[in-house]
Amino acid sequence: MEQKNEVILKVENLSVSYGHIKALRNVSLEVKRGEIVVLVGSNGAGKTSIMETVLGVNTPDTGTVTFEGRDITKKPVDKNVRGGMTLVPEGRGVFATMSVLDNLLLGAHHELKGAEKKLNFVFDAFPVLGQRRNQLAGTLSGGERQMLAIARALMSTPRMIMVDEPSIGLAPIVVNSIFDILRGLNREGYSILLSEQNVYKALKCSHRGYVLETGAVVKEGRADELLKDPAIREAYLGA
Ligand SMILES: Nc1ncnc2c1ncn2[C@@H]1O[C@H](COP(=O)(O)OP(=O)(O)O)[C@@H](O)[C@H]1O
Ligand SMILES: [Mg+2]
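To keep things clear, this report deals only with the structure shown in the data block. Since the structure is predicted, the reported quantities are computational estimates derived from the model, not experimental observations.

**A short note on the overall build of the chain**
Then step 1. Looking only at helices and strands, the chain has ten helices and ten strands in total.
Then step 2. Over its C-alpha trace the chain gives a radius of gyration of 17 Å, about what one expects of a compact globule, namely 18 Å for 239 residues.
Then step 3. The dimensions of the chain, computed from C-alpha atoms along their principal axes, are 45 × 40 × 40 Å.
Then step 4. Here the chain, with 239 residues, has 42% of them falling under the buried criterion.
Then step 5. At a minimum sequence separation of 6, the contacts of the chain that also span at least 24 residues come to 68%.

Encoded structure:
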């Protein structure tokens, strides 16, 4: 249980703006090693901004990001990926005109040496991608493309994976299988920061959650408690 209390990601008082638009206001959150933590909130709440700022895509106005005890505020993306974190972007970000295999190799571009072993690992985890390794990514189904995006992220041997709205545009049964995959990865030891508008399923799959509204955390807690919260049920679960 002691390991569960080790904080892998700590975000403190993070504020981010795009020009005059304030996207995040003093956001603080943490992910403990071995947790699935979900950021819940409607469109524009700030979920992507949090993930992109943690990864190093955006520069914060204020605040700090600490990963495995190291201050990584304003560190560039490539350093952070090498350092053990990765992002599965919103909209999956796979290259439609490239093969499944080449998409995966891109995920390991900073260290091609161990790529063979990592390929075997992801083809083991996602047999369907192995069968389709030479197929163009654009010909995959939505669910398979999401699997490819997750598999590509694993190619950089991360310890923490951020997954931005994986369920968007997928049929409910496919959404279930993507969440099953994330839970499976979590059982294998990956820490996961997830973002979702599919609040019910996301909370069901997570240990803890943060509710975001217009760039600020308005509520946080254990996922099972958030699921029972009357205000959350009314706002996000239509109950
Ligand atoms: N590149 C950008 N330029 C200007 N405003 C942006 C940009 N990206 C996001 N925003 C704004 O920042 C806020 C947070 O957006 P975002 O982090 O994408 O939220 P979410 O992922 O929860 O939908 C929104 O008001 C959005 O319009
Ligand atoms: Mg987003």
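Once the structure has been displayed, the description carries forward.
**Some points on the nonpolar core**
The nonpolar side chains of a soluble globular protein tend to be buried, and buried together.
Then step 1. Formed by 67 residues in total, the largest nonpolar core has its most connected members in V38, V40, L148, A151, M162, L193 and L194.
Then step 2. Among the elements that take part in this core, helix α6 (residues 142-154) stands out by supplying seven residues, more than any other.
Then step 3. Those residues in contact with A151, other than ones at most four positions away along the chain, are L104, V122, F126 and L129.

**Let's talk about the packing of helix α3 (residues 100-107) against α6**
The description of two helices packed together rests on the angle between their axes and the distance between the axes.
Then step 1. Taken N-terminus to C-terminus, the directions of α3 and α6 make an angle of 40 degrees; their axes are 7 Å apart at the nearest point. The element α3 and its partner α6 pack so that their crossing is right-handed. Contacts between α3 and α6 involve V100, N103, L104, L106 and G107 from the former and L148, A151, R152 and A153 from the latter.
Then step 2. Its residues placed into classes, the contact of α3 with α6 shows six nonpolar, two polar and one charged.

**Some words on the site of ligand 1**
Then step 1. Close to ligand 1 lie Y18, I21, A23, G41, N43, G44, A45, G46, K47, T48 and S49, which account for all nearby residues.
Then step 2. Within the residue set of the shell around ligand 1, elements represented by two or more residues are β2 (21-32) and α1 (47-55).
Then step 3. Of all the elements, α1 adds the most residues to the shell around ligand 1, at three residues.

**Some remarks on the pairing of strand β6 (residues 85-88)**
Then step 1. In β6, alternate side chains face the same way, and those of M85 and L87 on one face and T86 and V88 on the other are all buried.
Then step 2. Relative to strand β7 (residues 160-164), β6 is paired through four bridges, and the arrangement is parallel. Pairing of M85 across the sheet is with M160, part of β7.

**Side note on the pairing of β2**
Then step 1. Bridge count for strand β1 (residues 7-18) against β2 is eight bridges, and the pairing is antiparallel. Residue V11 lies in a different strand from β2, and its bridge partner there is L29.
Then step 2. Hairpin connection between β1 and β2: a loop of two residues separates the two successive antiparallel strands, and G19 in this loop has a positive phi of roughly 60 degrees.

About the cut-offs
- Residues numbered from 1 in each chain as written.
- Chains lettered and ligands numbered in written order.
- Predicted model: local features only at pLDDT ≥ 70, side-chain atom pairs only at ≥ 80, totals over all residues.
- Helix = DSSP H or I, 4+ residues; strand = E, 2+ residues; numbered from the N terminus.
- Rg over C-alpha atoms; globule rule 2.2 N^0.38 Å.
- Buried ≥ 20, exposed ≤ 12 C-beta atoms within 10 Å, placed from the backbone.
- Contact = placed C-beta atoms within 7 Å.
- Core = buried A, V, L, I, M, F, W, Y, C linked by C-beta atoms within 7 Å.
- Axes fitted to C-alpha atoms, helices over the stretch in contact; angles between N-to-C directions.
- Left-handed = near helix turned anticlockwise from the far one by under 90°.
- Nonpolar A, V, L, I, M, F, W, Y, C, P; charged D, E, K, R; others polar.
- Near = placed C-beta within 6 Å.
- Pairing = 2+ DSSP bridges.

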